[in-house]
Number of protein chains: 2
Amino acid sequence: MQKFTSLDDFRAVLNGFNGPDGDAVSGARDRNLQLTKPPGALGRLEDLAIWYAGWRGDARPHIERPQVIIFAGNHGVTAQGVSAFPPEVTAQMVANFQHGGAAINQLATVAGAKMDVHALELDNPTADFTTGPAMDDQAVVDALNIGWQAVDPNADLLVTGEMGIGNTTSAAAISTALFGGDASGWTGRGTGVDDAGLALKTRVVETALVANPDRDPLEILRCLGGRELAAMAGAIARARVENIPVILDGFICTAAAATLHQASPGALDHTIAGHVSAEGAHRNLLQKIGKEPLLSLGMRLGEGSGGALAIGILKAAVACHSGMSTFAEAGVSEG
Amino acid sequence: MQKFTSLDDFRAVLNGFNGPDGDAVSGARDRNLQLTKPPGALGRLEDLAIWYAGWRGDARPHIERPQVIIFAGNHGVTAQGVSAFPPEVTAQMVANFQHGGAAINQLATVAGAKMDVHALELDNPTADFTTGPAMDDQAVVDALNIGWQAVDPNADLLVTGEMGIGNTTSAAAISTALFGGDASGWTGRGTGVDDAGLALKTRVVETALVANPDRDPLEILRCLGGRELAAMAGAIARARVENIPVILDGFICTAAAATLHQASPGALDHTIAGHVSAEGAHRNLLQKIGKEPLLSLGMRLGEGSGGALAIGILKAAVACHSGMSTFAEAGVSEG
């Protein structure tokens, strides 16, 4: 079952997004003021709980079924030597995810989340975007559909993560194309290239921008993205129509999400930023889409790791909101 | 069973503290370098896991039995009008803790921690320290003993929290006495006093410093502290001798801990800062004891709430460290 047959189909879905449930938001705000704590004393946890309540349509919600989805893809641009790791590592890490040995497996377990892995045509890398579009229309639409279909409609929270050697180069190119500025400002060391590698990577991004001049946000996703980035975009969109709040992960996830933000204002209102990574451009990118990260722990792994780590924060926020007694219930003076 | 009969007994224990297990630290460092991720890609999670391994004496540790202990006390200084809440709220909140209705109950549950509550002579507030010491020798030693005995030696992680109307004034006075500077720099709004209340609170701290001139750190704890602060200090010390790492909570917990740091260098090496609170002086206090907080979410509730929220971060760090496959195990290229 294919949901989309063209990028314009997907664009129409983005433009038809609804907002949060106003009754649930106001009900959650009222409840928050009655809980046994000084007003505002739980800080951002209070805002998180009210935000979550709004998107779930429930003034006193619970988080019981988080889903972490990892999408993996390979990138033709690795032929330019942009990564410290060989492209074979993408498939090796997919096997590691499937056997439970990666960081994200442990993080999903700690968070009580189920985890799904989707490897997207690893033997068929996207085209090298220094000479033309990474994907044709069919390829990007296929990836969007895979992401869309990967979301469990019964989940009550989603984290999208990725694995793909070369994909910080893709994210840097997308960011530069979406928001302008010098490629050097959006290009970082990824998994750990040296100074010469960073200079090369920056030149590769500059070349890619020239080779792919279209600045429509979804065309940027097609021309400079990769299958795993498009799949994340599809999953984030699906979560919106299923009333499933999303925690964004790091630089690559955020770059994929930013194409939705630029394509349709408010398209990321059901998402929060789980963390800010050590990849320097991530903080700038979060500012461009108006997100304040929950965590800042120097992580730069991808895989959904920062998003999964933030699940515990959101769970805690919602547990306080929905589980605490009110002043009246507890017989506590309001001061 | 009383462990201590005088403050000097306690001082001797502080001065006899051991360091972490060097073999476990080096074993954990070696293991970290072999895990299936780029070196350093988990950021602070890697440092946390190695730190935890060292204090547990196990290069591949697990966190299975966290304990949260809440100590509650009342303060004679509330007669000066330093809090937005009446002192009766201390006992009301203790009842709320016991019935499961407070924020910390929800946070402990999400963290998988057991929670214990110790109310310390709530009907017998400490003396108003604007006219002399808050506690005599017997009172502070009793509170240290209660804290010492409250720690479960089978716990593998400890969070100490507190409840006590008026205790941000105590923490501000302790901080000023320990580290100098103007009282205004260490005095904040606590649960929410207004501008006039803040000015009053600052004058109360200034008066307290004059009325209690002894600058020995443990004497500062006795003269300007409260029973719940001394109990937290006792619990943090007990955790050290039981090889139980500790996550510090907010301003009041950190002020109690800082008396140990000033009394004996390295006395807090088995502790980390769970968060930095919205109480402005907390960040300065953490800098004085050399701690970088894990979380910064604008919380200012106390109760151990910020420490308990950080349990999930530490659990995640240790789960990655001990649960991930090595490159050799997973057959992943090291780049």
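These remarks concern the structure in this document. (Residues numbered from 1 in each chain as written. Chains lettered and ligands numbered in written order. Predicted model: local features only at pLDDT ≥ 70, side-chain atom pairs only at ≥ 80, totals over all residues. Heavy atoms only, no water.)

Overview of the overall build of chain A
So, point 1. Looking only at helices and strands, chain A has 15 helices and five strands in total.
So, point 2. A compact globule built from 335 residues should have a C-alpha radius of gyration of about 20 Å, and chain A, at 20 Å, falls within 12% of that.
So, point 3. Expressed as a percentage of the 335 residues in chain A, the buried residues total 63%.
So, point 4. The long-range fraction of contacts in chain A, counting pairs at least 24 apart against all pairs at least 6 apart in sequence, stands at 79%.
So, point 5. Total accessible area computed for chain A in this model is approximately 11100 Å², and 46% of it derives from carbon and sulfur atoms.
So, point 6. Charge centroids of chain A, computed over 23 positive and 36 negative side chains, lie 4 Å from each other. (Helix = DSSP H or I, 4+ residues; strand = E, 2+ residues; numbered from the N terminus. Rg over C-alpha atoms; globule rule 2.2 N^0.38 Å. Buried < 20%, exposed > 50% of the residue type's maximum accessible area, 1.4 Å probe, protein only. Contact = heavy atoms within 4.5 Å. Areas by Shrake-Rupley, 256 points an atom, 1.4 Å probe, with all protein chains shown as cover. Lys, Arg positive; Asp, Glu negative; His and termini not counted. Charge placed at Lys NZ, Arg CZ, Asp CG, Glu CD.)

Here's the deal with the packing of helix 7 (residues 167-179) of chain B against helix 12 (residues 251-263) of chain B
Residue and element names in this part refer to chain B.
So, point 1. With their axes 9 Å apart at the nearest point, helix 7 and helix 12 run at an angle of 30 degrees to one another. Judged by the inter-axis angle, helix 7 sits roughly parallel to helix 12. Two packed elements cross with a definite hand, and for helix 7 against helix 12 that hand is left-handed. Between helix 7 and helix 12, the contacting residues are Asn167, Thr168, Ala171, Ala172, Ile174, Ser175, Leu178 and Phe179 on the first element and Phe251, Ile252, Ala255, Ala258, Thr259 and Gln262 on the second.
So, point 2. Broken down by class, the residue content of the contact of helix 7 with helix 12 amounts to nine nonpolar, five polar and no charged. (Axes fitted to C-alpha atoms, helices over the stretch in contact; angles between N-to-C directions. Parallel < 35°, antiparallel > 145°, perpendicular 65-115°, else oblique. Left-handed = near helix turned anticlockwise from the far one by under 90°. Nonpolar A, V, L, I, M, F, W, Y, C, P; charged D, E, K, R; others polar.)

Focus: the packing of aromatic side chains
Residue and element names in this part refer to chain A.
So, point 1. If you walk through the whole model with that rule in mind, you get six aromatic pairs over all chains.
So, point 2. Summarising the aromatic geometry, the rings of Phe4 and Phe10 are spaced 5.1 Å apart at their centres and angled 90 degrees between planes, so their arrangement reads as edge-to-face.
So, point 3. On the basis of relative accessible area, Phe10 is assigned to the buried category, the value being 0%.
So, point 4. An aromatic cluster is built from Phe4, Phe10 and Trp148, whose rings are joined through pairwise contacts. (Phe/Tyr/Trp six-rings, centres within 6.5 Å; stacked < 30°, edge-to-face > 60°.)

Brief notes about the interface of chain B and chain A
So, point 1. Between chain B and chain A, the residue contacts involve 48 residues of the former and 48 residues of the latter.
So, point 2. Both sides of the chain B and chain A interface together cover about 3800 Å² of buried area, and 70% of this is carbon and sulfur.
So, point 3. Counting every contact that joins chain B to chain A gives zero salt bridges.
So, point 4. Those elements giving two or more residues to the side of chain B that touches chain A turn out to be helix 3 (44-56), helix 4 (88-99), helix 5 (103-111) and helix 14 (305-323) of chain B.
So, point 5. Looking at the side of chain B that touches chain A, its residues break down into 27 nonpolar, 16 polar and five charged. (Buried area = accessible area lost by both parts, 1.4 Å probe. Salt bridge = Lys/Arg side-chain N within 4 Å of Asp/Glu carboxyl O.)

Some points on the relation of the copies chain B and chain A
So, point 1. With an RMSD of 0.0 Å, the operation that places chain B on chain A is a rotation of 180 degrees combined with a shift of 0.0 Å along the axis. Taken together, these values place the two copies in the relation of a two-fold axis.
So, point 2. Comparing interface residues between copies, 100% of those in chain B also lie at the interface in chain A; the contact surface is shared. (Least-squares fit on C-alpha atoms with pLDDT ≥ 70 in both.)

Regarding the pattern of salt bridges
All names here are of chain A.
So, point 1. One pass over the structure, following the stated rule, counts 22 salt bridges over all chains.
So, point 2. Between Arg65 and Asp156 there is a salt bridge, and its shortest N-O distance comes to 3.9 Å. Of this pair, Arg65 sits in the loop between helix 3 (44-56) and strand 1 (66-72) while Asp156 sits in the loop between helix 6 (137-150) and strand 3 (157-163), placing them 91 residues apart in sequence.
So, point 3. Given a relative accessible area of 1%, Asp156 falls into the buried group.
So, point 4. Within this structure, Asp8, Arg11 and Asp216 form a network of salt bridges that share partners.

Details of unusual backbone geometry
Residues and elements named next belong to chain A.
So, point 1. One non-glycine residue, Glu121, lies in positive phi territory at about 45 degrees.
So, point 2. Residue placement: Glu121 occurs in the loop between strand 2 (114-119) and helix 6.
So, point 3. Unusually for a residue other than glycine, Asn243 sits at a positive phi of about 60 degrees.
So, point 4. Position of Asn243 relative to the elements: it lies in the loop between helix 11 (227-241) and strand 4 (246-248).

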